[in-house]
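# Observations on the model geometry
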Amino acid sequence: NENSKPKDCTSIPIAEKIVEKLQKADAQSKETMQLYEAKTKFEKILTAIRDESLVKLKKEISKDSNNKLQRIYPGTPLEIQGIDKNIILANSSEITESGSGGQNNAVAYCFATTLLERSGANFPLIVDHPVTALQVSASKYLGEIIPDICHQFIGFLIDRETPGFVPGLKNKTDESQRNFFTLFKKEPGNEAYIDKLPKDAKSVTETENGILCTDEKYFEEFTDLHPEEPED
C-alpha cells in the first residue's frame, strides 16, 4: 500500500502521484473539485510553457554557440547538436562523444560566453590553462575574439601558452584594457627569475615568500628556466 509506509517511498514520480491523489480526495471531500481541476489545468499550462521555452532556449544557445565556434574553427564540421544533461556534439551530422582537445576547449568557451551574454550579468570568465590544448594559430584567433565574446577575461597561463594567445589578445586591445601579472615563489632555484626583473621598481612587488611583476614585456618573455630533473 503506497500510503502505509511513506518513508519507504524513494521515487519522486510516485510521491508526486500520491500527493495528487490525496489533493484530489481532499477536494472531493470539501466539494471544491471545480477549483481543484482549474488549479490542475493551470499547472499543466505553466509546465507546458516552461518545457517549450526550455526547448527554444536550448536551440538559441546552441545556434549562438555554433556561430562563435565557426569563428574560431572556420569550416569545422563539429557543432553543438543539442543540450541535455551534457552538451551533445555532432560531427558531419553524426553524434560524437567529443572532439579533439582543442575543439572541446573551443566548444566550452563558446557555450560559456553565450550563457554569460544572455544572462546580462557582467561576470568575468576565469579560466585555468585557457589554451593548453590549442594549436598556436587557433590560440591566436581565440585571443583575438576574447574581447568580443566576454566582458572580462582572467586567465592563468604557463609559459608555453603565451605564444599565439597573448599576441592575438594584444591585437584587439589597447594597453589600458589589459593587465599582465607574473607570479613566482622566492625559493632556491628561482634566482634567475629575480635577476631578469625589470629595473622599474613600480612594476615589482615583493612579499615574504613571493614576487609579483606587472611588466608586460617580462610576462611575455617569462619562461621555465629550471633544468630537467635527472632521471633515476
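Residues numbered from 1 in each chain as written. Predicted model: local features only at pLDDT ≥ 70, side-chain atom pairs only at ≥ 80, totals over all residues. Heavy atoms only, no water.

## As for the side chain of R178
Mapped onto the secondary structure, R178 falls in the loop between α5 (162-171) and β6 (182-185). Its relative accessible area of 14% is what places R178 among the buried residues. Within the local environment of R178, its side chain forms a polar contact with the backbone oxygen of D174, the two atoms lying 3.4 Å apart. Within the structure, R178 has its side chain in polar contact with the side chain of E216 (distance 3.3 Å). If near-sequence neighbours (up to four positions away) are discounted, R178 is found in contact with K170, T173 and E216. (Helix = DSSP H or I, 4+ residues; strand = E, 2+ residues; numbered from the N terminus. Buried < 20%, exposed > 50% of the residue type's maximum accessible area, 1.4 Å probe, protein only. Polar contact = N/O pair within 3.5 Å; in protein donor to acceptor, adjacent residues only side chain to side chain. Contact = heavy atoms within 4.5 Å.)

## Structural notes on unusual backbone geometry
When glycine is set aside, most residues are seen to have a negative phi, and most peptide bonds are trans. Phi at H129 takes a positive value of approximately 55 degrees, unusual for a residue other than glycine. Its place among the elements puts H129 in the loop between β4 (125-128) and α4 (136-149). The class for H129 is partly exposed, based on a relative accessible area of 32%.

## Notes on the layout of surface pockets
If you add up the space inside the largest pocket, you get close to 1,000 Å³. Every residue lining the largest pocket is counted, 31 residues in all, and those nearest its centre are G155, L157, N179, F181 and F219. Where the lining of the largest pocket is concerned, the elements lending two or more residues are α4, β5 (153-156), α5 and β6. Taken together, the residues of the lining of the largest pocket sort by class into 18 nonpolar, 10 polar and three charged. The computed volume of the second largest pocket comes to approximately 210 Å³. Lining the second largest pocket are E16, K17, V19, E20, Q23, Y36, K39, T40, E43, K44 and T47. (1 Å grid on protein atoms, 1.4 Å probe; cavity = no way out; pocket = protein on both sides within 12 Å on 5 of 7 lines; lining within 4 Å. Points joined across faces, edges and corners; volume = space filled by probe spheres on them. Nonpolar A, V, L, I, M, F, W, Y, C, P; charged D, E, K, R; others polar.)

## As for the pattern of salt bridges
What the rule picks out here adds up to nine salt bridges. Of the charged contacts in the structure, one is a salt bridge between E43 and K39, with a shortest N-O distance of 3.0 Å. Here E43 pairs with K39, and both are found in helix α2 (residues 33-72), just four residues apart, close to one helical turn. One salt bridge in this structure joins E206 and K186, with 2.8 Å as the shortest N-O distance. Residue E206 is found in strand β7 (residues 204-206), and its partner K186 is found in the loop between β6 and α6 (191-195); the two are separated by 20 residues along the sequence. Of the residues examined, E206 reaches a relative accessible area of 54% and is grouped as exposed. Under the relative-accessibility criterion, K186 is labelled partly exposed at 33%. One continuous salt-bridge network, built from bridges that share partners, spans K170, R178, E216 and E220. (Salt bridge = Lys/Arg side-chain N within 4 Å of Asp/Glu carboxyl O.)

## Looking at the packing of aromatic side chains
What the rule picks out here adds up to six aromatic pairs. Three or more aromatic residues joined by ring pairs make a cluster, and in this case those are F184, Y193, Y218 and F222. (Phe/Tyr/Trp six-rings, centres within 6.5 Å; stacked < 30°, edge-to-face > 60°.)

## Some remarks on the environment of E117
Tracing the sequence through the fold places E117 in helix α3 (residues 101-119). The spacing of E117 and C150 is 33 residues in sequence and 7.3 Å in space, taken between C-alpha atoms. Beyond its immediate chain neighbours, meaning those up to four positions away, E117 contacts K68, D148 and I149.

## A closer look at the packing of α4 against α5
At a minimum axis separation of 7 Å, α4 and α5 run at an interaxial angle of 30 degrees. Classified by the angle between their axes, α4 and α5 sit roughly parallel to one another. Relative to α5, the crossing made by α4 is right-handed. On the side of α4, the interface is formed by V136, S139, K140, L142, G143, E144, I146 and P147, while α5 contributes P163, G164, F165, G168, L169 and N171. Residue composition of the contact of α4 with α5, by class: seven nonpolar, five polar and two charged. (Axes fitted to C-alpha atoms, helices over the stretch in contact; angles between N-to-C directions. Parallel < 35°, antiparallel > 145°, perpendicular 65-115°, else oblique. Left-handed = near helix turned anticlockwise from the far one by under 90°.)

Nothing here speaks to function; it is geometry throughout.
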